[in-house]
Amino acid sequence: MDVFLEQYFDITVMSESFDKVLLGFWMTIQLSLIAGALSMVWGLVLALCRTSRSWMMLPLRVAAVTYIDVFRGIPLLLVVLLISGSLPFIPGLPEWIRAPELFGRPDVYWFGVAALTLTYGAYLAEVYRAGLDAVPPGQTEAARSLGMSHRRALRHVVLPQAVRTVVPPLLNDFIALMKDTSLVQVIGIVDVVRAGREVQGETFNSSALTLGALMFLVVTLPLARLVDRYLRGRQPVRKALA
Amino acid sequence: MTGEAQNASKLTVTDLHKRFGALEVLRGVDLVVPAGAVISIIGPSGSGKSTLLRCVNRLEEADAGEIALDGMPITRLRGRDLDAVRRRIGMVFQQFNLFPHRTVLDNLTMAQRVVSGVPRRAAEDRARSLLDRVGLAEKAHELPGRLSGGQQQRVAIARALAMDPEVMLFDEVTSALDPELVTDVLDVMRRLAEGGMTMVVVTHEMSFARDVSDEVLFMDQGVVVERGDPATVFTAPAHERTRRFLDRVLHP
Ligand SMILES: Nc1ncnc2c1ncn2[C@@H]1O[C@H](COP(=O)(O)OP(=O)(O)O)[C@@H](O)[C@H]1O
Ligand SMILES: [Mg+2]
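Residues numbered from 1 in each chain as written. Chains lettered and ligands numbered in written order. Predicted model: local features only at pLDDT ≥ 70, side-chain atom pairs only at ≥ 80, totals over all residues. Heavy atoms only, no water.

### Section: the site of ligand 1
All names here are of chain B. Lining the immediate surroundings of ligand 1 are Phe20, Leu23, Val25, Pro44, Ser45, Gly46, Ser47, Gly48, Lys49, Ser50 and Thr51. Between ligand 1 and the protein, one listed contact pairs an oxygen atom with a backbone N or O atom of Ser47 at 3.2 Å. Protein chains shield 59% of the accessible area of ligand 1, which is 560 Å² for the free molecule. Only strand S2 (23-34) and helix H2 (49-56) provide two or more residues apiece to the shell around ligand 1. Counting residues per element, the shell around ligand 1 draws most heavily on H2, which supplies three residues. Of the residues belonging to the shell around ligand 1, the class tally is four nonpolar, six polar and one charged. (Near = heavy atom within 4 Å. Polar contact = N/O pair within 3.5 Å; in protein donor to acceptor, adjacent residues only side chain to side chain. Areas by Shrake-Rupley, 256 points an atom, 1.4 Å probe, with all protein chains shown as cover. Helix = DSSP H or I, 4+ residues; strand = E, 2+ residues; numbered from the N terminus. Nonpolar A, V, L, I, M, F, W, Y, C, P; charged D, E, K, R; others polar.)

What follows is the structure in structure tokens.
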């Protein structure tokens, strides 16, 4: 029992590695927030392309469906490697894509953000689509009958309702994205998992990884509770509408 | 109605055809709505009444035939022109279709502001006076979900009126309501008719059709079987199908 405790919960290892692990966790948070925000926008763009009705948008619709299928069908790790291991070696590409070093961050940082955004954009597109489909057609009809254009009906009537219904699944996917940021360590980003592993390699003790897990939980548990509360809170509203 | 008003047709539908796949829902419907007139459309479920109204508002595309507003054909309008025409035609739906995420007041101001560019204050003033007219001034800041069905439907009528339409279309607006809530909605419509609004009313409320309309149309299987002044249609219908329908709904 003591051996077990020492392997995972060694206070000395934890306190000595605390700063390093926290720094790694800060990287995890940054990647999550930036990629999370970008994929929320990208996912919405994809969903709007996918749900468009007019025949003029057909090519865009086909492209969106293909994109979503492909990126939901391949592992994130593969996307990470395909981007970081290829872009720098394609001569024709502009410098800011081959070696992006925006805002003083290294290129691998942006490759990681790009991979997460590309993949999670596809997931979130499906979430938004479900939300858009859940808005009754009568809402658009009422808006159109008041003289609103398709675009205005979407913006003022359909989208606000769609987004409201998908807040819980969006938060769930954000939790998943946050955990998946640990995959980008393979291209050399020192996130919380990488930091913990380095300590593990030096000390043959896993407590730094446990510490990382605890840091994750500090953020993900309240988020999960928030989703619960949101879902519970909406029940009475739905009953009132029924 | 003066003779002059009778000559000016506000809305004209000519030989309208519409099919959904193999199903022919409208098979040559004609309709003339003089300015200021109230036309009631009655008929069994599935006879194409809703489809007719939806075609007039271009929520549904007719396959053939012509629709004209003030003599101007609107059947082939697109884009902005279509939006502009829809603004002139108000529609009230069976299921209210209020915007549940916005307050009652916002429901009335939204289209005024984003479509017509009315400033907020002016839009709200207009909204409040309309809510007052339908007896719901004190509900301005409620969400629609907190209102009874009858109140929601009155808000929906006020919302359509906020755009200052020239014609109002009503599609069985009391059918989803509990019986005791029907009267308030019908009262609002009656006052609107008295105020000179041009109205096309699809309804199962036979007393309303009889008392308020200038003309009653009986539709069955995609055609207008019979039309005439309410007294004649209700007391001495010319067609067997009309007689059977009225028998069924008046003496259930
Ligand atoms: N969007 C649609 N697609 C296919 N069939 C439809 C559609 N809308 C209406 N119909 C059919 O058209 C017929 C007439 O419908 P409707 O105009 O709603 O009749 P009413 O309002 O008189 O009850 C019905 O048989 C209905 O099932
Ligand atoms: Mg109907």
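Moving on from the coordinates now.
### Describing the environment of B:Lys139
Residues and elements named next belong to chain B. With respect to the helices, strands and loops of the structure, Lys139 is situated in the loop between helix H5 (120-133) and helix H6 (149-161). As a C-alpha pair, Lys139 and Val155 span 16 residues in sequence and 9.4 Å in three-dimensional space. If near-sequence neighbours (up to four positions away) are discounted, Lys139 is found in contact with Val104, Leu147 and Gln151. (Contact = heavy atoms within 4.5 Å.)

### Here we look at unusual backbone geometry
The bulk of non-glycine residues show a negative phi, and the bulk of peptide bonds are trans. Residues and elements named next belong to chain B. Positive phi is not limited to glycine here, since Phe96 has a value of about 65°. If you trace the backbone, Phe96 turns up in the loop between strand S6 (89-92) and helix H4 (104-116). For Gln221, which is not glycine, the phi dihedral falls at a positive 50°. Take Gln221: it is sitting in the loop between strand S9 (215-220) and strand S10 (223-228). We classify Gln221 as exposed; its relative accessible area is 51%. (Buried < 20%, exposed > 50% of the residue type's maximum accessible area, 1.4 Å probe, protein only.)

None of the figures reported here should be taken as evidence of function without further support.
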